Amino acid sequence: MNFAQIRKYDVANGPGIRTTIFVTGCTHKCPNCFNEEYQDFNFGNPWTRKETDEVIEDLKLDEVKGLTVLGGEPFQNEVDLLQVLRDIKKEVQKEIWIFSGYTYEEILKDEDKKKLLEECDVLVDGRFVEALKDLSLRFRGSSNQRIIDIKKSLEVNKVVLFDL
């Protein structure tokens, strides 16, 4: 798995101050994607234990509310990312947000993707759709995208939107 950047302090991709991982690689090719260069699976640098340790140290800071993972497409890096999140969760218990062009329903159909989903707390799902672009939305680019409470949704077997 490659990554483009790690932001120690990010306030744009979830509530509060967050540490953010941007993985690379995505085949969705949404028109006007905001991270088009991150679609290339070879862009960026290989993820190593050094990066995992860096994120853990960032998340231990009191002012950091949680971790956000986006890209690229996290669910096209699901096997490697699953291990990274499990390693992080051994050290730090903070809320994890994950962004995906896949819908919640699509993720549930793939066992590896579902395992990654289960390690997270909030999913922002759905492909960016230029015709539905809405700059007034928080933490998403188009109105088809949902902010989903993963734990509650899995518990009741239907989508439960996250209460901002």
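A brief structural summary. Starting from 1, residues in each chain are numbered consecutively following that chain's sequence as written. Note on the predicted model: pLDDT of at least 70 is required for a residue's local features to be given, and 80 or more for side-chain atom pairs to be given and counted; whole-chain, interface and lining totals, by contrast, use all residues. No hydrogens and no water enter the side-chain calculation; it runs on all heavy atoms of the structure.

1. Some points on the environment of L137
Rules: Secondary structure is summarised from DSSP: a helix means a run of H or I of at least four residues, a strand means a run of E of at least two, and numbering begins at the N terminus for each. Whether two residues touch is decided by their heavy atoms; if any such pair falls within 4.5 Å, the residues are in contact.
Its location among the elements puts L137 in the loop between β6 (122-125) and β7 (146-149). The contact partners of L137, leaving out residues within four places of it in the chain, are S142 and S143.

2. Brief notes about the pattern of salt bridges
Where side chains of opposite charge bring their charged atoms close, a pairing between them can arise. The test is simple: Salt bridges are defined as contacts in which a side-chain nitrogen from Lys or Arg sits within 4 Å of a carboxyl oxygen from Asp or Glu. Remark: exposure states derive from per-residue accessible area (1.4 Å probe, protein chains only) relative to the maximum for the residue type, with buried under 20%, exposed over 50%, and partly exposed in between.
Inspection of every chain in the model, using the stated rule, returns 15 salt bridges. A salt bridge links K89 to E119; the nearest nitrogen and oxygen atoms lie 3.2 Å apart. Residue K89 is found in helix α2 (residues 78-91), and its partner E119 is found in the loop between α4 (111-118) and β6; the two are separated by 30 residues along the sequence. Classification of K89 as partly exposed rests on a relative accessible area of 21%. Across the pair R146 and D125 runs a salt bridge, and its minimum N-O distance is 2.6 Å. Taken together, the residues span a long stretch of sequence, with R146 in strand β7 and D125 in strand β6 at a distance of 21 residues.

3. As for the layout of surface pockets
Rule in force here: Grid points spaced at 1 Å and placed over the protein atoms alone form the basis of the search, with a cavity being a set where a 1.4 Å probe fits but cannot get out and a pocket an open set showing protein on both sides within 12 Å along at least five of seven lines. Lining residues have an atom within 4 Å of a point. Grid points are joined across faces, edges and corners, and a volume is the space filled by probe spheres set on the points. Think of it as three bins: nonpolar holds Ala, Val, Leu, Ile, Met, Phe, Trp, Tyr, Cys and Pro, charged holds Asp, Glu, Lys and Arg, and polar takes everything else, Gly as well.
The space that makes up the largest pocket amounts to roughly 680 Å³. The residue makeup of the lining of the largest pocket, split by class, is 13 nonpolar, 12 polar and 7 charged.

4. Observations regarding the environment of V156
Of note, V156 is situated in helix α5 (residues 150-156). For V156, a relative accessible area of 45% gives the class partly exposed. Along the sequence, V156 and L117 sit 39 residues apart, while their C-alpha atoms lie 15 Å from each other.

5. Brief notes about the packing of α2 against α4
This is how it is decided: Only C-alpha atoms enter the line fits that serve as axes; for helices the fit covers just the stretch in contact. Angles between N-to-C directions range over 0 to 180 degrees. Put simply, angles under 35 degrees are roughly parallel, angles over 145 are roughly antiparallel, angles from 65 to 115 are roughly perpendicular, and the rest are oblique. Put simply, a crossing is left-handed when the front helix is turned counterclockwise from the back one by less than a right angle, and right-handed when it is turned clockwise.
In the contact formed by α2 and α4, the axes pass within 9 Å of each other and the chain directions differ by 25°. In terms of axis orientation, α2 runs roughly parallel to α4. Along this stretch, α2 crosses α4, giving a crossing that reads as left-handed. Between α2 and α4, the contacting residues are E78, V79, L81, L82 and L85 on the first element and D112, K113, K115 and L116 on the second. Residue composition of the contact of α2 with α4, grouped by class: 5 nonpolar, no polar and 4 charged.

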